[in-house]
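# Summary of the model geometry
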Amino acid sequence: MKKIRIYQSINTKIVFVIVMLLIFALQLIGANFITQLERESVETYQNDRHTQIDFLESTIQPLLLTDQNGTDEEIDIETEVSSLLAEFSGNGITEIQLVGSDSFVLGTSDSTQQTLVGQLSNDTDIRQALVVGERVTRQYVDPGTNTRRWKIVAPVIADGEDQAILGAIMMESNIEAVYNQVSDITWIFLNSSLLAIVLSLILANMVSRALTTPIKEMQKQTEAIAGGDYSGQLTVYGEDELGHLALSINDLSNRVSEAQESIESERRRLDSVLTHMTDGVIATDRRGKVVIVNDMAQTMLEIQAEDALGQNILTLLRVEEEVTLRNILENQEDLMITVKSEESPTILRVSFSLIQRESGFISGMVCVLHDVTEQEKIERERKEFVSNVSHELRTPLTSMRSYLEALADGAWKDPEIAPHFLEVTQSETDRMIRMIQDLLHLSRIDSGRSHLELEIVNLTELIHHVFSRFEMLLNSSEYKEKNYQLKLELLDEPVWVEIDADRIIQVFDNILNNAIKYSPDGGTISGKMRIIQKRVIISISDQGMGIPKADLQKIFSRFYRVDGARSRAMGGSGLGLAISKEVIEQHSGRIWAESTEGKGTTFYVSLPFVPVEEEEWE
Ligand code: ADP
């Protein structure tokens, strides 16, 4: 959080503004009030002095009139004047002087100035008053006491028409008291102002704190929200604007928290969808740099997320030489890529789609990887199968046609050749019929229409039966001179299994037929039966030509033959083992072969077997 300096804080600003306002107001009021007070006080003081002098004037006027009329009662006048002046002096009046119309001092209240009495006054104000006949006033600073004095000189004018000036009264008073009073009041005002400022400082601080505390809390809360912490709730101090703001922030915090939660759960859901998708998903930015790669895509491309992120999508898919990003953006056509892994190559179909904003701006691309190895394999096998079937049918048909042509060309007349030719066409037809029957059987298994007729069969007996039939065949004239030996090692006890006996007999017939077919020089054909855990395993070995290692797995595929020509010559369709495998798998069993080339082959058939407790039968 950025620290706010003291002078930048609202608190300081509010306090400063309030205090400054108060100071200005006090200044303004104070200046006006003091000036007004001073003026009023001085005016009142002066008016009082004027009233006093008016009164004095009216008292003195008869005395001066008598004096002017030339009576001999001079001593009396002087005494009268001095007692009158003495009466008026005091109460801030420093001196009262009476001057006659001839400017001679008639009396003074100042006892120290009594020598002036009878002297010519040299006071210019008195002279001015005597000449002009009007009052003269003046304020000055007495240099002796350094106090302000107020001086008023009033001419004493005779009543009547001539308005003769009888003399003048000069009154000097100490006005300093008035100023002192005003300055006392100013002091009181200043002190109260100072107190008011201090109080306002405290009050303003309190008010601004009341404002800034919730603001600071709000600031902290909004910072916490910005930092992803939505747990806090603001205290609402009142119903005012700040209270409403606090409520709004609390509401905002809740909503942001809810929105965040829903985004988070959405993200988790998306993550889980992406993680558990069976398709690979890669998302890129607008420049084709990988930003998301799900688990499946990592497995499919055999990469780690850390290596993939930030890489170019084309490099990641190893197609940078075949396509450009522009091609993909323009056409969005699917790509087929092959990933060569250690086990087997995987074929992936890569589909692209653009992430476009409403404005049309392309912000990225999503690419979905779909494993089509199995599909491709099935497709390839289907094609192979069709080609194989066509080939397998064409061969006997071609040979039949040539024999039939030869017959039509006249060979039918030849009693030596004709029967042989007809025999060949018949055997080719038989082979085709066998093959078509095999194909139909496989097709029924493929489409699930081939149901097993399950029954509980004693496998020991069944194998014994198959071998007995074979023994008879080997003893027939066809095989007699080949000198095949049959050996059978069966278990003593009956082995009860739930199987479709006809189908299983078909499987063993096929294995035994092959054993004879591919052991042209005779040899021993031995059968063995064992029980290992919950399985019964029957093995049939021959001492024939054997099967190369590379072909061991493939012999169970449809139409696969190690030596096509020989097998075909033997009347084989290449479907026998494929059907056997399907039948055994229908029984939840397994069939496999082990072989040494030139030495012989062993076929194994394993079937599920649950030993039956003797008691159950008892
Ligand atoms: P076919 O009708 O050609 O015999 P099968 O499906 O029965 O077809 O056998 C597939 C191929 O497996 C044969 O063509 C043969 O090459 C090989 N094969 C099967 N059994 C044996 C065996 N006992 N010894 C050697 N090769 C065998």
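Residues numbered from 1 in each chain as written. Predicted model: local features only at pLDDT ≥ 70, side-chain atom pairs only at ≥ 80, totals over all residues. Heavy atoms only, no water.

In terms of burial, strand E6 (residues 280–285) is largely enclosed, as 5 of its 6 residues are buried. Relative to strand E10 (residues 362–371), E6 is paired through 6 bridges, and the arrangement is antiparallel. Bridge pairing in E10 links Ile282 to Cys367. Summarising the sheet, E6 and strand E7 (residues 290–293) pair through 3 bridges and their orientation is antiparallel. Across the sheet, residue Ala283 finds its bridge partner in E7, namely Ile292. Two successive antiparallel strands, E6 and E7, enclose a turn made up of 4 residues, where Gly288 displays a positive phi of approximately 85 degrees. (Buried < 20%, exposed > 50% of the residue type's maximum accessible area, 1.4 Å probe, protein only. Helix = DSSP H or I, 4+ residues; strand = E, 2+ residues; numbered from the N terminus. Pairing = 2+ DSSP bridges.)

Along the chain, Leu462 turns up in helix H12 (residues 459–474). Here Leu462 falls in the buried class, since its relative accessible area comes to 6%. Taking the C-alpha atoms as reference, Leu462 lies 7.8 Å from Ala501; in sequence the two are 39 residues apart. Not counting chain neighbours up to four residues away, the residues in contact with Leu462 comprise Val457, Ile499, Ala501, Ile504, Ile505 and Phe508. (Contact = heavy atoms within 4.5 Å.)

We now examine unusual backbone geometry. Even without being glycine, Arg318 reaches a positive phi, approximately 55 degrees. With respect to the helices and strands, Arg318 occurs in the loop between helix H8 (313–316) and helix H9 (325–331). Accessibility expressed as a relative area gives 46% for Arg318, which makes it partly exposed. We note that Asn483 has phi near 60 degrees; this positive angle belongs to a residue other than glycine. Of note, Asn483 is situated in the loop between helix H13 (477–480) and strand E12 (484–489).

In this section: the sheet that holds strand E5 (residues 165–174). The 5 strands lie next to each other as E2-E1-E5-E4-E3, forming an open sheet whose pairing is antiparallel. Two strands close off the open sheet at either side, each with one partner strand: strand E2 (105–108) and strand E3 (136–142). Each strand of the sheet is rotated relative to its neighbour by a mean of 20 degrees, with strand direction disregarded. With 3 bridges connecting them, strand E1 (residues 93–100) and E2 associate as antiparallel partners. Bridging from a neighbouring strand, Gln97 pairs with Thr108 of E2. In this fold helix H3 (residues 124–132) packs onto E1, E3, strand E4 (147–157) and E5, with an angle of close to 145 degrees to the strand it touches most, E5. Against the sheet, helix H4 (residues 176–226) engages E3, E4 and E5, with an angle of about 135 degrees to E4. (Axes fitted to C-alpha atoms, helices over the stretch in contact; angles between N-to-C directions.)

Around the ligand there are 21 residues in total, and Asn514, Tyr518, Asp542, Ser567 and Leu577 lie nearest to it. A distance of 3.1 Å separates an oxygen atom of the ligand from a polar backbone atom of Gly574. Relative to its unbound accessible surface of 530 Å², the ligand loses 98% to contact with the protein. Listing elements by their share of the shell around the ligand, those giving two or more residues are helix H14 (501–517), helix H16 (576–586) and strand E17 (600–608). Looking at the shell around the ligand, its residues break down into 9 nonpolar, 9 polar and 3 charged. (Near = heavy atom within 4 Å. Polar contact = N/O pair within 3.5 Å; in protein donor to acceptor, adjacent residues only side chain to side chain. Areas by Shrake-Rupley, 256 points an atom, 1.4 Å probe, with all protein chains shown as cover. Nonpolar A, V, L, I, M, F, W, Y, C, P; charged D, E, K, R; others polar.)

What follows is about the domain arrangement of the chain. Domain boundaries in the chain define domain 1 (8–182), domain 2 (277–369) and domain 3 (448–617). Centre-to-centre separation of domain 1 and domain 3, based on C-alpha positions: 156 Å. (Domains from an automatic or database assignment.)

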